[in-house]
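Coordinate inspection notes
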Amino acid sequence: MKQTRLLEIIREEIAGALNEAGLGDQITALDKQIEAATKQIAPLQKRLADLQGKKADLQKKEADLSTKTQAQLEEETLNERPFIDSAFDVTGTSPENLNQDSLQKTIDDAVKVLQQEYPDADVKKLAGELQKVNSAKNLGPNSKLSPEIKSALQKVADVIEKQGQIFGSPSKIDDLMKLAKDPSQIDRLEKLKSKGYTFILGNPQAVTAIEKSLGLKPKNNDSLLADKSKTEKPKAEKPAKEKAPKEKTTAASKAEPMDGEDKEATQNVDSDSTAKELGVTASAADKFANLFNTKTTEEAKNKMKELAKRANSGDQKAKSFFDNEKNSKIIQAYRNAQKVKA
């Protein structure tokens, strides 16, 4: 009983001390602030989640756009360009006049004129000059262009105009479709009927056309008359001829004369006495006579016999002599020398 009372007194004393110091009130105040802050954080957390969701949606749309194929992009911009160096770079609707005035060829000619006027111009500068074809003012009577450049650009403009007359006419597109061999080309011509044709030469087009003119990029050389749906059959490969296996010969067999051989070696014998004796050409006879710096044919024959004996005994240096193709004429002369009577 006394102990319980003692604890109560201690608690009362501590509480009194805290109240005197004001710490209890401070703790209560902090608890209220924490509660208020928690209520404020909840809406912010919801706002943060909403923003993160919108960001994820935008990133998905960006990824979808980046995965579009080049073919899809081309289809979407069919009505944004004249046709340069492609199957549709045509100014006619029959096989006879299909590529009579190619836009790429006309640009090639214009680039030569521009380079004469601006010899130090880079591709970007030349493209800018070429795009002046888009302005009627540059091609009009008050043009500030030189007569040569104006004439070259006028020809480019004329070809673009001719293209527009074809691709702006559904009936003429139908005529081209009769010539087209590739199904993908027919599909694109169908889309052109509704999308139309613009006469503006864009900057990327101008840059690419000039790079092709300068040989910096290869030209397509495409054609409406080419059938890409068919592939050439691969040519049948001729079976490789089997080589007859070479017979393994020893140094001795190379050194010894063989029946029925040396017919060719005995032909075209000149007046050289050693050659006559050996029945070989003078060149082969000289090589044999000079073998190992010997002075006579007999000494050379003895050297060869000794060399063949060593080779058959396993001497690698001697064996390599008979295996070397460069020594074939010397070995042949030795074979013939074996036939010469002492």
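Residues numbered from 1 in each chain as written. Predicted model: local features only at pLDDT ≥ 70, side-chain atom pairs only at ≥ 80, totals over all residues. Heavy atoms only, no water.

Side note on the packing of helix 7 (residues 147-167) against helix 8 (residues 170-179)
One way to put it is that helix 7 packs onto helix 8 with a least axis distance of 6 Å and a crossing angle of 90°. Here helix 7 is positioned roughly perpendicular relative to helix 8, judged by the angle of their axes. Taking contact as the criterion, the partners of Gln-165, Ile-166 and Phe-167 in helix 7 are, on helix 8, Lys-172, Ile-173 and Leu-176. Residue composition of the contact of helix 7 with helix 8, by class: four nonpolar, one polar and one charged. (Axes fitted to C-alpha atoms, helices over the stretch in contact; angles between N-to-C directions. Helix = DSSP H or I, 4+ residues; strand = E, 2+ residues; numbered from the N terminus. Parallel < 35°, antiparallel > 145°, perpendicular 65-115°, else oblique. Contact = heavy atoms within 4.5 Å. Nonpolar A, V, L, I, M, F, W, Y, C, P; charged D, E, K, R; others polar.)

A closer look at helix 4 (residues 103-117)
Because the α-helix completes a turn every 3.6 residues, residues three or four places apart line up on one side. In this model helix 4 runs 21 Å from its N-terminal to its C-terminal C-alpha over 15 residues, within 8% of the 21 Å that 1.5 Å per residue would give. Residues of helix 4 that are buried: Leu-103, Gln-104, Thr-106, Ile-107, Asp-108, Ala-110, Val-111 and Leu-114. In the core, the buried residues of helix 4 are packed alongside helix 5 (123-130), helix 7 and helix 10 (203-213). Where helix 4 starts, the residue carrying a side-chain oxygen 3.3 Å from the main-chain nitrogen of Gln-104 turns out to be Ser-102. (Expected span 1.5 Å × (residues − 1). Buried < 20%, exposed > 50% of the residue type's maximum accessible area, 1.4 Å probe, protein only. Polar contact = N/O pair within 3.5 Å; in protein donor to acceptor, adjacent residues only side chain to side chain.)

A few points about the packing of aromatic side chains
Counted under the stated rule, the structure contains six aromatic pairs. Note on Phe-83 and Tyr-197: the rings are 6.2 Å apart at their centroids and 45° apart in plane angle, and the pair reads as tilted. With Phe-83 in the loop between helix 3 (70-76) and helix 4 and Tyr-197 in the loop between helix 9 (183-195) and helix 10, this pair connects stretches of sequence that are 114 residues apart. No difference in accessibility class separates Phe-83 from Tyr-197, as the two residues are buried. (Phe/Tyr/Trp six-rings, centres within 6.5 Å; stacked < 30°, edge-to-face > 60°.)

Considerations on the pattern of salt bridges
Scanning the entire structure with this criterion turns up 13 salt bridges. Across the pair Glu-211 and Lys-217 runs a salt bridge, and its minimum N-O distance is 3.2 Å. For Lys-217, a relative accessible area of 37% puts it in the partly exposed group. Within this structure, Lys-125, Glu-129 and Lys-132 form a network of salt bridges that share partners. (Salt bridge = Lys/Arg side-chain N within 4 Å of Asp/Glu carboxyl O.)

Some remarks on unusual backbone geometry
The backbone of Asp-85 sits at a positive phi, close to 50°, despite the residue not being glycine. Relative to the elements of secondary structure, Asp-85 occurs in the loop between helix 3 and helix 4. Under the relative-accessibility criterion, Asp-85 is labelled buried at 8%.

Quick look at the confidence of the model for the protein chain
Fine structural detail should not be taken from predicted coordinates in areas where pLDDT scores are low. Model confidence for the protein chain is summarised by a mean pLDDT of 76, while 70% of its residues fall at 70 or above. Predicted confidence for residues 251-272 stays below pLDDT 50, and this span has 47 contacts to residues more than four positions away or in other chains. (pLDDT = per-residue confidence, 0-100.)

A short note on helix 10
Turning to helix 10, its buried residues are Gln-205, Ala-206, Ala-209, Ile-210, Glu-211 and Lys-212. The inward-facing, buried residues of helix 10 abut helix 4 and helix 5. One or two steps after helix 10, the chain reaches Gly-215, where phi turns positive at roughly 80°.

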